[in-house]
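Fold and contact review
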Amino acid sequence: MTLSIGLWDVLWRSLLDGFLFNQFIAIGRYSNSAILLERSSQFCMEETLFNTEKVSDGVGSDNAPEISDEKTAFGCKNGILEGDLSHGANEFVTLAIGMEFDSYDDAYNYYNCYAREAGFSVRVKNSWFKRNSREKYGAVLCCSSQGFKRAKDVNRLRKETRTGCPAMMRMRLVDSKRWRILEVTLEHNHLLGAKGYKCSKKMGSESKKNLLSKSDLEVQPVKLYQAVVIDAGGDETSNFSQTVAKASSYRPNQLNLRKGDAQAMYNYLCRLQLTNSNFFYLMDLNDDGRVRNVIWVDAKSRAASSYFSDVIYFDNSCLSNKYEVPLVAFVGINNHGQSVLLGCGLLSGENKESYTWLFKAWISCTSVNSPETIISDRCKILQSVVADVFPKSLHRFSLSLIMQKVPEKLGGLRNYDDIKKSLLKGVYETLKPFDFEAAWRFMIQQFRIMDNEWLWSLYEDRAQWATVYLKDTFFMGMAAARPCETMTAFFDKYVHKQTPLKEFLDKYELALQKKHKEEVLADMESRNSSPKLKTRCSFELQLSKVYTRDIFRRFQLEVEEMYSCFGTTQLHVDGPITIFLVKERIMSEGNRREIRDYEVLYNVALSEVRCICSCFNFYGYLCRHALCVLNFNGVEEIPSKYILSRWKKDYKRLYMSPDQMSGGSHITEQVEQFTQLYRSALKVVEEGMISLDHYKAAMLAFEESLDKIYSVEEK
């Protein structure tokens, strides 16, 4: 079923004119074109009057008052529903995303009073002001135990009170001129004090005036606003408690879209659909016809999936950290060791249904059978879904993400610095499971942290993240197996917790352009320049001719470090397999030199070499220890099985839709056509970079060529 673009535009605008704020129409390319329409719903705002202080002799009511039909109708018309939630003694509505306040002071006072009742104190972590007017437009309030002392303050006599507590509230001034809660964390990692715990003194003078004491009998109310969805055919006479139950802006069965998000998404997807014939997107609707999940994959990502999907990092950090954009991304590694996008989407929540739908949709559009390895955050739901959808893949938890959570999970413990040091030593310096488990037991017993639930659960999952158990898993550089290595999100620096969807869509284009430019430059430099050799080793010369520049530099470091290894000796012979011991001098803590032993297995008959450090499986090239053993045995060239084609300069990237790849001769023909076009275009690019006149001539040639191609398409 197809409709003209003009007709779609008329339909879309007619729907928007009715202020049906959450509507969405999309044309999705999924085999044949499918039409998905989300059923309309009207959005209203709920206003609640709330007392910030205790009324001395007030008596609470057991049931919330009902709202009259007339008042409800009036509220829907004006976008406000009124109600009174003052139940007497210190009743606080639970802080939730979507709550709104008339002013910053109201929000600050509310959080302060909530904190006093809960037993902790509050401080302002961050504030944001407009550059010209200096008007405050954003703030983060947090528990006073958040963070840690600065290094220069550690030795002061004052007792350390900070534990890295995650409790916080992030808010922002929105279009309605109210302050909306965008993120809230209620959990603490320390014991709370008694009710009435003193509040932070760090507040503005206006806030101090507005914050009322317990002795005040007349209490000024604070107005709370929360987004409410009223279905077009809903019952307007519902009881107020039912209204409150629907008040949360978070709806787990559908995407949370702000005003204008639906239009922005529609425009973006349709634009890419028109300009890119191989662009794919698909939407998942709930039973009410509302958008629940979205996935999209552009042409380059679909092509890249055909080559770089052997190891995939599934990044759900925006979703799990409650970003305003619930973004998830499939990320791979290209032949330069750069991250490459293989697809992304928006999910309504971290649940099995959404993850299952997303993975199956991604398989359908990329034709990826089963990646060798899938890396993700440590999550039981993801673990179950990956096992169901990718039964042949190895699922591993990101060591980098686990280590990033150490301050949050263990920061409140005594001797935190010593615990962290012991943990890092056991994780990164042990080579065998026995040594890892011995180091773990020592840490647990030494610091008496046997009852720490996070550490216990981490130990139970050790086979999924600890490198000593993953030596047979291929990571292609995404293992982060060394202390200095971290997994960086693909859209890092382009999206943060408060980035709205419309802004992200603009930044999405910028991020892809930047990544593509980096890849093109790396291609040209690898193809047109020869790396400088630093040794006389034949291994270095051999791979300098085939590897891309960036991957060769990583391998070159291993060749250089062969000179820090010494004493290669034969330990044991078992048929064709010989075990060698290689000693290496390394720099340890305090610039002290330390000698470590590495065992290397070498099979002469099969030309196989394997080191206990498992560098080849983790990074895709042989380590210094394996190279020493090959050199010791008179081998002058690295066996071909250890020269991966995915790192080569001429590794082909065929940017066409996988659904066109059917039939052997057809594939060969298209590969040859692509290769010839690519080489011809590259010659024009190289000549065009000689001077400004050459550049102008090359650009003119490209424009004329495109005009001719478009005329052929029209005919």
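Every value quoted in this text rests on a predicted model; they were computed, and no experiment measured them.

Some words on the overall build of the chain
- Check the secondary structure of the chain and you find 23 helices and 21 strands.
- Across the 715 residues of the chain, 47% fall into the buried class.
- For the chain, long-range pairs separated by at least 24 residues make up 64% of all intrachain contacts whose partners lie at least 6 apart in sequence.

What about the pattern of salt bridges?
- Tallied over the entire structure, the rule returns 33 salt bridges.
- Glutamate 183 is the partner of lysine 497 in a salt bridge, and the nearest nitrogen-oxygen pair spans 2.2 Å. One end of the pair, lysine 497, is in the loop between helix H16 (462-465) and helix H17 (501-528); the other, glutamate 183, is in strand E9 (residues 179-185), with 314 residues separating them in the sequence.
- On the accessibility criterion, lysine 497 (22% relative accessible area) is partly exposed.
- Residue glutamate 183 is classed as buried on the basis of its relative accessible area, which comes to 6%.
- A salt bridge links glutamate 608 to lysine 641; the nearest nitrogen and oxygen atoms lie 3.5 Å apart. Separated by 33 residues along the polypeptide, glutamate 608 in strand E21 (residues 608-611) and lysine 641 in the loop between helix H21 (624-632) and helix H22 (664-688) bring together distant segments of the chain.
- The class of glutamate 608 is partly exposed, set by a relative accessible area of 34%.

Observations concerning the sheet that holds strand E11 (residues 280-285)
- Here we have seven strands laid out as an open sheet, ordered E11-E12-E15-E14-E13-E16-E17, and mixed in their pairing. Every interior strand has two partners, whereas the edge strands, E11 and strand E17 (394-397), have only one. With direction set aside, neighbouring strand axes in the sheet form an average angle of 20°.
- As paired elements, strand E14 (residues 327-333) and strand E15 (residues 339-347) share seven bridges and run antiparallel to each other. Within E15, the residue paired with isoleucine 333 across the bridge is serine 339.
- Relative to the sheet, helix H6 (residues 261-275) contacts E11, strand E12 (291-297) and E15, its axis offset from that of E11 by approximately 145°.
- Set on the sheet, helix H9 (residues 352-366) makes contact with E11, E12, strand E13 (311-315), E14 and E15; between it and E12 the angle comes to about 30°.

Quick word on the confidence of the model for the chain
- A residue-level look at the chain finds 73% of positions with pLDDT of 70 or above and a mean pLDDT of 76.
- Here residues 198-220 is a poorly scored stretch, pLDDT under 50, and it has 41 contacts once near neighbours within four places are set aside; other chains count.
- Low confidence marks residues 653-667, where pLDDT is under 50. Its contacts with residues over four positions away, or in another chain, come to 35 contacts.

Here we look at a nonpolar patch on the surface
- A cluster of nonpolar side chains, namely Val684, Leu692, Tyr695, Met699 and Phe702, defines an oily patch on the protein surface of about 430 Å² accessible area.
- The biggest single contributor to the nonpolar patch is helix H23 (residues 692-714), with four residues.
- Looking at the element boundaries, valine 684 is found in helix H22.

Re the packing of helix H14 (residues 433-446) against helix H15 (residues 453-460)
- Interhelical geometry of H14 versus H15 gives an angle of 170° and a closest axis separation of 13 Å. Between H14 and H15, the interaxial angle falls into the category roughly antiparallel. Mapping the contact onto sequence places Glu437, Trp440 and Ile444 in H14 and Leu455, Leu458 and Tyr459 in H15.
- Partitioned by chemical class, the residues of the contact of H14 with H15 number five nonpolar, no polar and one charged.

Some words on helix H3 (residues 104-118)
- The end-to-end C-alpha distance of H3, which contains 15 residues, comes to 21 Å, matching closely the 21 Å that a straight helix rising 1.5 Å per residue would cover.
- Within H3, 14 of the 15 residues are buried, leaving the element largely enclosed by the surrounding structure.
- Immediately beyond the C-terminal end of H3, within one or two residues, lies glycine 119, with a positive phi of roughly 105°.

Thoughts on the packing of aromatic side chains
- Under the defined criterion, the tally for this structure stands at 36 aromatic pairs.
- Centre to centre, the rings of tyrosine 114 and phenylalanine 120 are 6.2 Å apart; their planes meet at 80°, and the pair counts as edge-to-face. Comparing tyrosine 114 with phenylalanine 120 shows no difference in burial state: the two are buried.
- Residue placement shows lysine 515 over the ring face of phenylalanine 490; its charged tip is 5.0 Å from the ring centre.
- One residue, arginine 585, lies across the ring of phenylalanine 566, its end atom 4.2 Å from the ring centre.

Focus on the pairing of E9
- Burial analysis of E9 places five of its seven residues in the buried class, which makes it a mostly covered element.
- Where strand E5 (residues 100-101) and E9 come together, two bridges link them in antiparallel fashion. In the sheet register, phenylalanine 101 faces E9, and the bridge partner there is tryptophan 179.
- Bridge count between strand E8 (residues 168-173) and E9: six bridges; the pairing is antiparallel.

Criteria and cut-off values
- Residues numbered from 1 in each chain as written.
- Predicted model: local features only at pLDDT ≥ 70, side-chain atom pairs only at ≥ 80, totals over all residues.
- Heavy atoms only, no water.
- Helix = DSSP H or I, 4+ residues; strand = E, 2+ residues; numbered from the N terminus.
- Buried < 20%, exposed > 50% of the residue type's maximum accessible area, 1.4 Å probe, protein only.
- Contact = heavy atoms within 4.5 Å.
- Salt bridge = Lys/Arg side-chain N within 4 Å of Asp/Glu carboxyl O.
- Pairing = 2+ DSSP bridges.
- Axes fitted to C-alpha atoms, helices over the stretch in contact; angles between N-to-C directions.
- pLDDT = per-residue confidence, 0-100.
- Patch = residues over 30% accessible without salt bridge, like charges linked within 9 Å, V, L, I, M, F, W, Y side chains within 5 Å.
- Areas by Shrake-Rupley, 256 points an atom, 1.4 Å probe, with all protein chains shown as cover.
- Parallel < 35°, antiparallel > 145°, perpendicular 65-115°, else oblique.
- Nonpolar A, V, L, I, M, F, W, Y, C, P; charged D, E, K, R; others polar.
- Expected span 1.5 Å × (residues − 1).
- Phe/Tyr/Trp six-rings, centres within 6.5 Å; stacked < 30°, edge-to-face > 60°.
- Lys NZ or Arg CZ within 6 Å of the ring centre and 35° of its normal.

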